[in-house]
Amino acid sequence: METAFDWKSTFDHLAPQLVLYARQLVDSKADAEDVVQQAFVRWWRRFPEGDSAHIPLLYAAVRTIALDQRRSDHRRVNREAKSEIAVAGENAPAFDPKPEHKETAAIVDKALQTLPEDQREVITLKLWGDLTFNEIAAMTGSSINTIAGRYRYALQALHKKLGHLRADLLGESPSPAINILPFSPTTEAMS
């Protein structure tokens, strides 16, 4: 006898990753949470029996809903701007870190925001969404090579931006320089 799919634990497990991904595509955390709710409802309606094999489709639904919402929001903002209605945007960080990690999250979020949107999307799906390159390629309609290239370029850009902060961000002590010279360090060599 099959056990019923546990929608609640699946939502509890996937929602934070999905909100982070949606947050990269929409303007506010509240919008991202709404997008995730809508995607779960769509997923549940389409696969009421539930199946973990359909999780990449859930990410695809989040992407579709978020992009539709963003287009709708941009049209609304343009209409309101023409009618001289002020629209205040929300600049909340994409991450919702623990208090002790807020500074690190802000630094990483700022670095992520400097990436081109396609690279930021792949990084978010791969690292936080835990999707494979095949799943990301199918979801976005891009080739696997394109996805792998975006991922590689994004990591290189993040390394350039954050590499000098690595020890501080990860709470590590900086590693001492390796002595590649054929004699002992300078202080010992001079004595």
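This text goes with the structure placed above it.
Residues numbered from 1 in each chain as written. Predicted model: local features only at pLDDT ≥ 70, side-chain atom pairs only at ≥ 80, totals over all residues. Heavy atoms only, no water.

### Observations concerning the overall build of the protein
Link 1 in the chain: Within the protein, the regular secondary structure consists of nine helices and zero strands.
Link 2 in the chain: Written out in order from the N terminus, the α and β elements of the protein read α-α-α-α-α-α-α-α-α.
Link 3 in the chain: Expressed as a percentage of its 191 residues, the buried residues of the protein come to 35%.
Link 4 in the chain: Look at the contacts in the protein between residues 6 or more apart in sequence, and 61% of them connect residues 24 or more apart.
Link 5 in the chain: Surface accessibility of the protein: about 12,600 Å² in total, with carbon and sulfur atoms responsible for 54%. (Helix = DSSP H or I, 4+ residues; strand = E, 2+ residues; numbered from the N terminus. Buried < 20%, exposed > 50% of the residue type's maximum accessible area, 1.4 Å probe, protein only. Contact = heavy atoms within 4.5 Å. Areas by Shrake-Rupley, 256 points an atom, 1.4 Å probe, with all protein chains shown as cover.)

### Examining the packing of aromatic side chains
Link 1 in the chain: Going through the model one piece at a time under the given rule, you end up with four aromatic pairs.
Link 2 in the chain: Centroid distance Phe11 to Phe40: 4.8 Å. Interplanar angle 70°. Geometry classified as edge-to-face. Separated by 29 residues along the polypeptide, Phe11 in helix H1 (residues 7-23) and Phe40 in helix H2 (residues 29-46) bring together distant segments of the chain.
Link 3 in the chain: Members of the aromatic cluster, joined through ring pairs, are Phe11, Phe40 and Trp43.
Link 4 in the chain: Here Lys126 stacks its cationic end above the ring of Phe133, 4.9 Å away from the centre of that ring.
Link 5 in the chain: Note that Arg152 overlies the ring of Tyr153, its terminal NZ or CZ placed 4.9 Å from the centroid. (Phe/Tyr/Trp six-rings, centres within 6.5 Å; stacked < 30°, edge-to-face > 60°. Lys NZ or Arg CZ within 6 Å of the ring centre and 35° of its normal.)

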